[in-house]
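# Per-entry structural report
If you want the building blocks of each chain, they are given just below.
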Amino acid sequence: MLAALLYGQEDLRLEQVADPTPAAGEIVMQVRTATTCGTDLKVWRRGGHAKMLKPPTLFGHEAAGQIVALGTGVNGWQIGDRIVANNSAPCMECFFCQHEEYSLCPNLTWNNGTFAEYLKIPAPIVPHNLLRVSDELPWELAAMTEPLACVLHGIARSNIKPQDRVVVLGDGAIGLMFVAALADSVEVLLWGGNDQRLEIGQKLGAAKIFNYHQIPDIPNVVKELTQGWGADVVIEATGVPSVWEIAIACARPGATVNLFGGCPRDTTITVNTEQLHYSELTLKGVFHNTPKYVRAALSLIASRKIPLELLISEQRRLKDLEQVFCDMKTRKVIKVAMIP
């Protein structure tokens, strides 16, 4: 089959590799659509990921498709079923899993390789994070289950209350998903650097949108809009250390700051200890998702309550993948549906 392999920093190659065959408990899926992700872009630019993968490796982690092969011992599934599989599963046995902190499981089974004609689903993922997709749901929407699950997990950890004002920093796919998932319940102020993306954020429900290129002093504007106090909740969705510091500066006393965007390895930020202590701030790093939110994400997507199709900039063939990442790097596209 044709598959994309990551060899290092901005070194992505399309190669012919052996078709996967399922061992006991595994499933092989024909990939119908794989969507690109900001995490994929960061991994491509940085040449790896501390948790998910080490080059050289099959690449990509969001996809939906149909079952084409079943390993021995797999029950409840059959050839032709429409499915989506999360890119990981917790072990369900360790200290963290016993405390239902599944995203912290040190034994997470990771799975990459969605930018290919076929994808093998490891046995630990099949019982916990393999879900059935309805016939009515388009492939490209089902493929976005994983990132939306991360967003829903992030929202659950953010201490959001009715009537809160929430600042979202970042107009990438994840920032826009936060807007879409929150806009029905709270007032969302979205900051980004691209007018077209900000307009999509407005369509997804952002109460106000701001381009930081025109209004660079984000914390002061947030305070002006919140009677001088700052936001109740701030969600950082860029993965840039300096923006983590801006997020903290936007927070009111007693606020929660969700530092959601993953920064480059070995980077640090500076926190004003007086502000942290006397303002009783809650700073949270939130990572990945859990089986609960994988299911919640697919259910929300299937309900069609939020128009996530606005995030799909275009459809492309697998041979165009390197150009797609270049277009993502220059912010020409948000998410692209790759059709193997």
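Structure shown above.
Reading the values: the criteria
Residues numbered from 1 in each chain as written. Predicted model: local features only at pLDDT ≥ 70, side-chain atom pairs only at ≥ 80, totals over all residues. Heavy atoms only, no water. Buried < 20%, exposed > 50% of the residue type's maximum accessible area, 1.4 Å probe, protein only. Helix = DSSP H or I, 4+ residues; strand = E, 2+ residues; numbered from the N terminus. Arc of directions from axis to C-beta. Contact = heavy atoms within 4.5 Å. Core = buried A, V, L, I, M, F, W, Y, C linked by side-chain atoms within 4.5 Å. Pairing = 2+ DSSP bridges. Axes fitted to C-alpha atoms, helices over the stretch in contact; angles between N-to-C directions. Parallel < 35°, antiparallel > 145°, perpendicular 65-115°, else oblique. Nonpolar A, V, L, I, M, F, W, Y, C, P; charged D, E, K, R; others polar. Phe/Tyr/Trp six-rings, centres within 6.5 Å; stacked < 30°, edge-to-face > 60°.

### Considering helix 7 (residues 195–203)
- Within the span of helix 7, buried status applies to Arg-197, Leu-198, Ile-200 and Gly-201. In a view along the axis of helix 7, the buried residues occupy a sector of 155 degrees, so they form one face of it. Seen from the open side of helix 7, the exposed residues pointing more than 90 degrees away from its buried face are Gln-196 and Lys-203.
- Of the surrounding elements, those touching the buried residues of helix 7 are helix 6 (173–182), strand 12 (187–192) and strand 13 (208–211).

### Some remarks on the nonpolar core
- In this structure, Leu-148, Val-168, Phe-178, Leu-182 and Leu-308 are the most contacted members of the largest nonpolar core, which totals 47 residues.
- Listed by contribution, the elements that provide at least two residues to this core are helix 4 (139–142), helix 5 (145–156), strand 11 (165–169), helix 6, strand 12, helix 7, strand 14 (231–236) and helix 11 (291–303).
- Setting aside residues up to four positions removed in sequence, Phe-178 forms contacts with Val-151, Gly-154, Ile-155, Val-168, Ile-235 and Phe-260.
- Counting residues in each nonpolar core, the second largest holds 40 residues, with Ala-34, Val-43, Phe-59 and Tyr-102 among its members.

### Some thoughts on the sheet that holds strand 14
- Within the open sheet, the six strands sit side by side as 13-12-11-14-15-16. Their pairing is parallel. The open sheet terminates on both sides in strands that have one partner only, identified here as strand 13 and strand 16 (282–285). Ignoring which end each strand starts from, the neighbouring axes of this sheet average 15 degrees apart.
- Inspection of the sheet shows strand 11 paired to strand 14 by four bridges, in the parallel sense. Its bridge partner being in strand 14, Leu-169 is matched across the sheet by Glu-236.
- Sheet contacts for helix 7: strand 12 and strand 13; angle to strand 13, the most-contacted strand, approximately 170 degrees.

### Thoughts on the packing of helix 1 (residues 38–46) against helix 12 (residues 321–329)
- At a minimum axis separation of 10 Å, helix 1 and helix 12 run at an interaxial angle of 100 degrees. Here helix 12 runs roughly perpendicular to helix 1, going by the angle between their axes. Every residue of helix 12 that contacts helix 1 at Gly-38, Asp-40, Leu-41, Trp-44 and Arg-45 is listed here: Phe-325, Cys-326, Met-328 and Lys-329.
- Partitioned by chemical class, the residues of the contact of helix 1 with helix 12 number five nonpolar, one polar and three charged.

### Topic: the packing of aromatic side chains
- Counted under the stated rule, the structure contains eight aromatic pairs.
- Taken together, a centroid distance of 6.1 Å and an interplanar angle of 85 degrees make the contact between Phe-115 and Phe-325 edge-to-face. You can see Phe-115 sitting in the loop between strand 8 (109–110) and strand 9 (118–121) and its partner Phe-325 sitting in helix 12, a full 210 residues away along the chain. Each member of the pair, Phe-115 as well as Phe-325, is classed as buried.
- Aromatic side chains Trp-191 and Phe-210 sit 4.4 Å apart centroid to centroid with 15 degrees between the ring planes, which places their arrangement in the stacked category. Linking Trp-191 in strand 12 with Phe-210 in strand 13, this pair joins segments that are 19 residues apart in sequence. Neither Trp-191 nor Phe-210 differs from the other in exposure class; each is buried.

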